[in-house]
Amino acid sequence: MSYQKDKYRYEEEFEDKFSSLLLSQKILLAAFKKRKNAKGDLDLADKEFHEAIDFVNSNEREKPNRLATK
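Residues numbered from 1 in each chain as written. Predicted model: local features only at pLDDT ≥ 70, side-chain atom pairs only at ≥ 80, totals over all residues. Heavy atoms only, no water.

So, the overall build of the protein chain
Just so we agree on the cut-off: The way it works is that DSSP assigns letters per residue, a run of H or I at least four long becomes a helix, a run of E at least two long becomes a strand, and they are numbered from the N terminus. Whether a residue is buried, partly exposed or exposed follows from its accessible area with a 1.4 Å probe, protein chains only, as a fraction of its type maximum: under 20%, in between, or over 50%, in that order. Computed with a 1.4 Å probe, the accessible areas rest on the Shrake-Rupley method; for each residue, only the protein chains presented here act as cover.
Counting its regular elements, the protein chain contains two helices and zero strands. Within the protein chain, the proportion of its 70 residues that are buried is 0%. Carbon together with sulfur atoms contributes 60% to the accessible area of the protein chain, which is approximately 7,300 Å² in total.

Here it is, written out as structure tokens:
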């Protein structure tokens, strides 16, 4: 009888630890995905920002200098 109780207790402990590890892995994976998406969003925002700067700079070069024409 003692063997069965020990076996059941060990199985229960194993299941608890395993469930805890799976939950930890799930939480870490979700955090990793959020971080990866945030980095992708930041990279895209940075790219769009630099494209906007380039657009403004190219428009400034194309405009005639009003002071020079007066």
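Okay, back to it.
So, the packing of aromatic side chains
Let me state the cut-off plainly: Any two rings among Phe, Tyr and Trp, with Trp reduced to its six-membered ring, count as a pair given centres within 6.5 Å; such a pair is stacked if its planes are under 30 degrees apart, edge-to-face if over 60, and tilted if neither. Two limits define a charge over a ring: the Lys NZ or Arg CZ must be within 6 Å of the ring centre, and within 35 degrees of the ring normal.
A complete count under the given rule lists one aromatic pair for this structure. An angle of 15° between the planes, with centres 5.8 Å apart, marks the rings of Phe14 and Phe18 as stacked. Here the residue Phe14 and the residue Phe18 both occupy positions in helix 1 (residues 2–62), the gap between them amounting to four residues, near one helical turn. Judged by its relative accessible area of 58%, Phe14 falls in the exposed class. Phe18 gets classed as partly exposed once you look at its relative accessible area, which sits at 43%. Above the face of the Tyr10 ring, Arg9 is positioned so that its terminal group lies 4.7 Å from the ring centre.

Section: the pattern of salt bridges
Two side chains that carry opposite charge are able to pair once their charged atoms sit near each other. Stated formally: Whenever a carboxyl oxygen of Asp or Glu lies within 4 Å of a side-chain nitrogen of Lys or Arg, that contact is scored as a salt bridge.
Applying the stated rule across the entire model yields four salt bridges. Asp6 serves as the salt-bridge partner of Arg9, at 3.9 Å between the closest nitrogen and oxygen. With Arg9 and Asp6 both in helix 1, this residue pair falls three residues apart, about one helical turn. The exposure class assigned to Arg9 is partly exposed, which follows from its relative accessible area of 37%. Of the charged contacts, one joins Glu51 and Lys47 as a salt bridge, the two residues approaching to 3.8 Å between their closest N and O atoms. Of the two residues, Glu51 and Lys47 both sit in helix 1, four residues apart, roughly one turn of that helix. Classification of Glu51 by relative accessible area gives partly exposed; the value is 44%. Here the salt bridges share partners, and the residues they tie into one network are Asp6, Arg9 and Glu13.

Quick notes on a negative patch on the surface
Stated formally: A patch consists of residues whose relative accessible area exceeds 30% and which take part in no salt bridge; residues with like charges are grouped when within 9 Å of each other, and nonpolar side chains (Val, Leu, Ile, Met, Phe, Trp, Tyr) when within 5 Å. Charged residues are defined narrowly, with Lys and Arg counted positive, Asp and Glu counted negative, and His plus the chain ends left uncounted. Lysine's charge is taken at NZ, arginine's at CZ, aspartate's at CG and glutamate's at CD.
On the surface, Glu11, Glu12, Glu15 and Asp16 cluster together to form a negatively charged patch. By relative accessible area, Asp16 is classed as exposed at 52%.

Keep in mind that these numbers describe shape and distance, not what the molecule does.
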